[in-house]
Amino acid sequence: MFSNKEFLDSAGNYLKAIVRFPINPDNYYNRMAALFKLEKHSEILETYEFLPDSINPKNGQFEFLVGRSFLNIKDTIRACEFLNISKNYNYRPSLSYLKNICLN
């Protein structure tokens, strides 16, 4: 569904997957990615809050999406906090955001 740009259905199905198999971090990330395409930033933040820390792969991808969501809702301070966490997990895409938004 995601590849067919059916983001609303995709996000809903990933939510069902989270309920059925809550220890798979991919379900959380994929839901967040679909919600990002729908510009549902508060739902992205909510999904991240429910992500158990014990299954967060700490590769920076989650934090990058959260940081971008905070940027889209005009909360630059929180965005930079999460982009910095993402950078600390060595997620390279966060570097340009930090350089262009957070360090200026």
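Structural data are supplied above this passage.
This write-up is about the structure you can find in this document. Here the structure is a predicted model, which means the values were calculated and not measured.

**Quick word on the side chain of Asn 27**
Consideration 1: Tracing the sequence through the fold places Asn 27 in helix 2 (residues 25–37).
Consideration 2: Among the residues examined, Asn 27 registers a relative accessible area of 10% and is labelled buried.
Consideration 3: What Asn 27 contacts, discounting residues up to four positions off in sequence, is Tyr 14, Ala 17, Ile 18 and Phe 21.

**Notes on the nonpolar core**
Consideration 1: Counting residues in each nonpolar core, the largest one holds 24 residues, and the members touching the most others are Tyr 28, Met 32, Tyr 48, Leu 51, Phe 62, Val 66 and Phe 70.
Consideration 2: When contributions to this core are tallied by element, the ones reaching two or more residues are helix 1 (7–20), helix 2, helix 3 (41–50), helix 4 (61–72) and helix 5 (76–88).
Consideration 3: If we ignore the near neighbours within four places in the chain, the residues touching Leu 51 are Tyr 28, Asn 56 and Phe 62.

**A look at the packing of aromatic side chains**
Consideration 1: One pass over the structure, following the stated rule, counts 5 aromatic pairs.
Consideration 2: A ring pair is formed by Phe 64 and Tyr 97, whose centres lie 5.4 Å apart and whose planes are at 75°; its orientation type is edge-to-face. Separated by 33 residues along the polypeptide, Phe 64 in helix 4 and Tyr 97 in helix 6 (residues 93–102) bring together distant segments of the chain.
Consideration 3: On the accessibility criterion, Tyr 97 (23% relative accessible area) is partly exposed.
Consideration 4: Members of the aromatic cluster, joined through ring pairs, are Tyr 48, Phe 70 and Phe 82.

**As for the packing of helix 2 against helix 3**
Consideration 1: Where helix 2 contacts helix 3, the axes come no closer than 8 Å and their chain directions differ by 170°. Classified by the angle between their axes, helix 2 and helix 3 sit roughly antiparallel to one another. Along its contact with helix 2, which presents Tyr 28, Arg 31, Met 32, Leu 35 and Phe 36, the element helix 3 presents His 41, Glu 43, Ile 44, Thr 47, Tyr 48 and Phe 50.
Consideration 2: Classifying every residue of the contact of helix 2 with helix 3 gives 7 nonpolar, 2 polar and 2 charged.

**What about the pattern of salt bridges?**
Consideration 1: As enumerated under the stated definition, the model contains 4 salt bridges in all.
Consideration 2: Taking the shortest distance from any N to any O, the salt bridge between Asp 53 and Lys 58 comes out at 2.8 Å.
Consideration 3: Accessibility expressed as a relative area gives 55% for Asp 53, which makes it exposed.
Consideration 4: Taking the relative accessible area as the measure of exposure, Lys 58 reaches 32% and is therefore partly exposed.
Consideration 5: Notably, a salt bridge pairs Glu 81 with Arg 78, separated by 3.8 Å at the nearest N-O pair. Separated by 3 residues within a single helix, Glu 81 and Arg 78 lie in helix 5, roughly one turn from each other.
Consideration 6: Three or more residues joined by partner-sharing salt bridges are found here, namely Arg 31, Lys 40 and Glu 43.

About the criteria used
Residues numbered from 1 in each chain as written. Predicted model: local features only at pLDDT ≥ 70, side-chain atom pairs only at ≥ 80, totals over all residues. Heavy atoms only, no water. Helix = DSSP H or I, 4+ residues; strand = E, 2+ residues; numbered from the N terminus. Buried < 20%, exposed > 50% of the residue type's maximum accessible area, 1.4 Å probe, protein only. Contact = heavy atoms within 4.5 Å. Core = buried A, V, L, I, M, F, W, Y, C linked by side-chain atoms within 4.5 Å. Phe/Tyr/Trp six-rings, centres within 6.5 Å; stacked < 30°, edge-to-face > 60°. Axes fitted to C-alpha atoms, helices over the stretch in contact; angles between N-to-C directions. Parallel < 35°, antiparallel > 145°, perpendicular 65-115°, else oblique. Nonpolar A, V, L, I, M, F, W, Y, C, P; charged D, E, K, R; others polar. Salt bridge = Lys/Arg side-chain N within 4 Å of Asp/Glu carboxyl O.

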